[in-house]
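Fold and geometry: a report
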2 protein chains.
Amino acid sequence: MKEIKTAEILCVGTELLLGDIVNTNAAYLSRKLAELGISVYHQTVVGDNPERLKKALADSANRCDLIITSGGLGPTYDDLTKETIASFFGRNLVRNEKILSHLEAYFAEMGRTMTENNKKQADIPEGAIIFRNDYGTAPGVCIEDEESGVTAVMLPGPPRELEPMFGEQVMPYLEKRSDSILVSRNINIFGMGESAVENILRSLMENSVNPTVAPYCKEGEVRLRITAKASDRNTAYAMCSEAVEKIMETEVGKAVYGIDSDSIEGELVAKLIAKGKTIATAESCTGGLIAKRITDVSGSSAVFLGGCVTYANSAKESLIGVKHETLAAHGAVSEQVAIEMARGVRQALGTDIAIATTGIAGPGGGTPQKPVGTVWVGISGEKGDRAVLLRLSSRRERSYIRTLAASNALYLALDEI
Amino acid sequence: MKEIKTAEILCVGTELLLGDIVNTNAAYLSRKLAELGISVYHQTVVGDNPERLKKALADSANRCDLIITSGGLGPTYDDLTKETIASFFGRNLVRNEKILSHLEAYFAEMGRTMTENNKKQADIPEGAIIFRNDYGTAPGVCIEDEESGVTAVMLPGPPRELEPMFGEQVMPYLEKRSDSILVSRNINIFGMGESAVENILRSLMENSVNPTVAPYCKEGEVRLRITAKASDRNTAYAMCSEAVEKIMETEVGKAVYGIDSDSIEGELVAKLIAKGKTIATAESCTGGLIAKRITDVSGSSAVFLGGCVTYANSAKESLIGVKHETLAAHGAVSEQVAIEMARGVRQALGTDIAIATTGIAGPGGGTPQKPVGTVWVGISGEKGDRAVLLRLSSRRERSYIRTLAASNALYLALDEI
């Protein structure tokens, strides 16, 4: 089979056409194919309808080297992807005894009875490659059609089945079909906007061929993805690392919170564990979001002792000892209260560091002096206590302001330790 | 122009093909079109490439009455949707002075300079209908092509611009193009699985034509959507309400937490406000998620005084007075500790009601006696203190277990007041 240069994604499912679910599979597969250096020019969604699927298949087969489908591999009567594609490529379906016994074992383990229609999941097109399903029943299937030169990979619809199957089995298969390998590294940036990053790195980004450097932004964060192509993994990784070092030496380096990192909170928990330090939180406007994000990280219990969500002023006083006079003199959204909140929760829980937020998330509650988006982040630690003022845009919605306030607080804590 | 029966969604953007963003627009538009009774048989994504867009347009125009595009209306050189579609339907672009002055005002308000390329956003195909953009610069455009009978609606890519534009302007336009109107009502169910709901309502659902009854499920919740078609809104609404009443009289009614409700937490905050009651939270395994969800609701400050995230045992003792002996005797994940947590935070903050969670979210920390997914929810209120044991599946991931534990706690609180 020839090398794969272009691919199309063909998702099958009436629930997608009704808008009942968002098509995360198309995004996931596109991202992974981009990592492999395979170009995607079309994504298509059709329902569980063999005629329209066949027509979409014919269009795709004329345009690309690889077709990846998701959905329609299940046991019910309207799951027809495998049957339709096998027929399109002129292959018969043959019952695979190994898969059948795997299915029987799966049902036995779950304590469920296997009905007759479940057996069709063990029917495989002649000569196809099989990808096992570790998280469900329907295996993935790959047909390499010598005549047209087209490869068709069929994957199950549920993301929790599709993603591990693709990552663990289809990626290695596609890498083998290529004579070069792609490796990506990510630089995670916080507190510097996309355009500022681009201004500093413009020439580097515009001239980047191998490795390529591309920016992505999401809720106040910028991620630079560096991707190198080489004949082996070590060479590609070294090429990426060289570019990473070059970028770290620029002004952008100062705003980098992690390399190949998942999130600010993930980086924070790792750093706290490495340094043997503990943290606590006191939240007003973020309402528990900071604690939630820290405890999203598995293993955070080693460093996060706890926190308070002191939404009402009375809670600020009773739980973490913010002084009534401070609240009366400066208001809840103030530098002084932010500091007292951080200090108070740090003392109450006896942690090395504490962060606090108090602000106006909106939509109500803004004043000319303290408009929606005004947030004070307090920090208390071995270096002393201080607070930082954030002026987040009052044009943005409540959830955005809360997310950005939480990210800033987490970033400040990361910077402090 | 003829009545619109079928539509296709055509999203334009290289960022979609690279998997950098998930295509929420396709899901949103499909859902809204389903509500209007318009069938969608294809969703397509192409990049910012006029040739491929033109080809996709031609395919769609042959198959449906309405094409809705998203993306490619911006000011940059690769934003070519409007130009390509206008040329496809043989229309010239004409600069619209009203939109131009709207753009100038927008830039002045933002304190930014309007560059020459921004002006092309004011270029409109001859004879087109214009949808104003309240949240950005590019207006939406609609071409009614008499010759082919096809209507093309072009919308901006960012969801925060597209969704209000569609909801407030395109929906009414499409309703006018139809001689009947659709109205939907939603029944929100918690604590009863989809198959249990279907078993009870099978005959009602299978025989539903007008109104239709369809179930949707997401993270432990089931939503029943009832949709009626009639010549006017009042009649359609009355038809829905009659079906709602019928369903409420079945066993399903007992698990309904709201009708036309956004979320359990939204319902909880509304009920607390209505009854003049206050609430507090004490969270271990949910780590702030319950407080975060309550404070997601705008206006929650009237009823939510605050909460504690007592992740470590020491925090359970120092912040909300859980007894050392209780922890030693029963362990943190126990009925007794859940009750003491709820009681403790209720006393500390002086609220009418308090809820608490303590459990094992995984992936680590499970034992044969208390496997991952074991969660105690404590509740303290005017009716006394108690705790409920949840056994969530240990096969599910941390985030799912935390979400379900939080939903259960919120539901119990809603039930209590």
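What you see is a predicted model, and the numbers here were worked out from it, not measured in a lab.

1. Regarding the overall build of chain A
A tally of helices and strands in chain A yields 14 helices and 17 strands. Its C-alpha atoms give chain A principal-axis dimensions of about 80 × 55 × 40 Å. Looking at chain A as a whole, 48% of its 417 residues are labelled buried. Across chain A, the fraction of contacts at a sequence separation of at least 24, relative to all contacts at a separation of at least 6, is 66%.

2. Details of the packing of helix 2 (residues 24-35) of chain A against helix 6 (residues 159-176) of chain A
Residues and elements named next belong to chain A. Put simply, helix 2 and helix 6 touch, their axes get as near as 11 Å, and they point 15 degrees apart. Relative to helix 6, the element helix 2 lies roughly parallel. For the crossing formed where helix 2 meets helix 6, the hand is right-handed. On the side of helix 2, the interface is formed by Thr24, Asn25, Tyr28, Leu29 and Lys32, while helix 6 contributes Pro159, Leu162, Glu163, Phe166 and Met171. Of the residues assigned to the contact of helix 2 with helix 6, the class counts are six nonpolar, two polar and two charged.

3. Observations concerning helix 7 (residues 194-206) of chain A
The terminal C-alpha atoms of helix 7 of chain A lie 15 Å apart, and with 13 residues this falls more than 12% below the ideal 18 Å at 1.5 Å per residue. The axis of helix 7 of chain A is deflected most strongly, by about 65 degrees, at Ile200(A).

4. Regarding the domain arrangement of chain A
Here chain A is partitioned into domain 1 (6-176), domain 2 (181-259) and domain 3 (264-416). Between the C-alpha centres of domain 1 of chain A and domain 3 of chain A the distance comes to 46 Å.

5. A few points about the relation of the copies chain A and chain B
Least-squares fitting of chain A to chain B yields an RMSD of 0.2 Å, with the transformation described by 0.1 Å of translation along the axis and a rotation of 180 degrees. Both copies are brought into coincidence by an operation consistent with a two-fold rotation axis.

6. Focus: the interface of chain A and chain B
With 53 residues of chain A in contact, the opposing surface of chain B contributes 53 residues. Along the lines of polarity and charge, the residues of the side of chain A that touches chain B split into 27 nonpolar, 20 polar and six charged. In the sheet, strand 14 (residues 304-310) of chain A pairs with strand 14 (residues 304-310) of chain B via five bridges, with the strands oriented antiparallel. Looking at the pairing, Thr310(A) lines up with Gly306(B) of strand 14 of chain B.

7. Describing the sheet that holds strand 12 (residues 256-259) of chain B
Residues and elements named next belong to chain B. Judged by pairing direction, the sheet is antiparallel, and its four strands sit side by side in the order 10-11-9-12 without closing on themselves. Where the open sheet ends on each side, the last strands, each with one partner, are strand 10 (212-218) and strand 12. If you compare each strand with its neighbour and ignore which way they point, the axes differ by 25 degrees on average.

8. Quick notes on helix 13 (residues 335-349) of chain A
Residue and element names in this part refer to chain A. In a regular helix each residue adds 1.5 Å, so 15 residues correspond to 21 Å; helix 13 covers 22 Å between its end C-alpha atoms and thus fits that length. The buried fraction of helix 13 amounts to twelve of the 15 residues, a majority that puts the element mostly inside the structure. Listing the buried residues of helix 13 in full gives Val337, Ala338, Ile339, Glu340, Met341, Ala342, Arg343, Gly344, Val345, Arg346, Ala348 and Leu349. Gly350 occupies a position one or two residues after helix 13 and carries a positive phi of about 65 degrees.

9. Considerations on the pairing of strand 16 (residues 374-381) of chain A
Each regular strand shows side chains that alternate between the opposite faces of the sheet. Residues and elements named next belong to chain A. Where burial is concerned, most of strand 16 is hidden: eight out of the eight residues are buried. Every second residue of strand 16 is oriented toward a common face, with Thr374, Trp376, Gly378 and Ser380 on one face and Val375, Val377, Ile379 and Gly381 on the other, all of them buried. As paired strands, strand 15 (residues 353-359) and strand 16 are joined by six bridges and run antiparallel to one another. Bridging from a neighbouring strand, Thr357 pairs with Val377 of strand 16. Bridging between strand 16 and strand 17 (residues 384-391) involves eight bridges; their strand directions are antiparallel. What sits directly across from Gly378, in strand 17, is Ala387.

10. Section: the nonpolar core
By size, the foremost hydrophobic cluster in this structure holds 249 residues, and its most contacted members are Ala342(A), Val345(A), Ile355(A), Ala342(B), Val345(B) and Ile355(B). Among all residues touching Val345(B), those that are not within four sequence positions of it are Ala280(B), Thr281(B), Ala282(B), Gly307(B), Cys308(B), Ile320(B), Ala354(B) and Ala356(B).

11. Comments concerning the sheet that holds strand 3 (residues 66-70) of chain B
The twelve strands are arranged 6(A)-7(A)-8(A)-3(A)-1(A)-2(A)-2(B)-1(B)-3(B)-8(B)-7(B)-6(B) in an open sheet whose pairing can be described as mixed. The outermost strands of the open sheet, each flanked by one partner alone, are strand 6 (129-131) of chain A together with strand 6 (129-131) of chain B. Here the average twist between neighbouring strands, direction ignored, is 15 degrees. Pairing of strand 6 of chain B with strand 7 (residues 140-145) of chain B, which is carried by three bridges, proceeds in the antiparallel orientation. Its bridge partner lying in strand 7 of chain B, Ile130(B) is registered against Val141(B). Against the sheet, helix 2 (residues 24-35) of chain B makes contact with strand 1 (6-12), strand 2 (39-46) and strand 3 of chain B, and its axis sits at roughly 165 degrees relative to strand 1 of chain B, the strand it touches most.

What counts and what doesn't
- Residues numbered from 1 in each chain as written.
- Chains lettered and ligands numbered in written order.
- Predicted model: local features only at pLDDT ≥ 70, side-chain atom pairs only at ≥ 80, totals over all residues.
- Helix = DSSP H or I, 4+ residues; strand = E, 2+ residues; numbered from the N terminus.
- Buried ≥ 20, exposed ≤ 12 C-beta atoms within 10 Å, placed from the backbone.
- Contact = placed C-beta atoms within 7 Å.
- Axes fitted to C-alpha atoms, helices over the stretch in contact; angles between N-to-C directions.
- Parallel < 35°, antiparallel > 145°, perpendicular 65-115°, else oblique.
- Left-handed = near helix turned anticlockwise from the far one by under 90°.
- Nonpolar A, V, L, I, M, F, W, Y, C, P; charged D, E, K, R; others polar.
- Expected span 1.5 Å × (residues − 1).
- Bend = angle between axes of the 7 residues up to and from the residue.
- Domains from an automatic or database assignment.
- Least-squares fit on C-alpha atoms with pLDDT ≥ 70 in both.
- Pairing = 2+ DSSP bridges.
- Core = buried A, V, L, I, M, F, W, Y, C linked by C-beta atoms within 7 Å.

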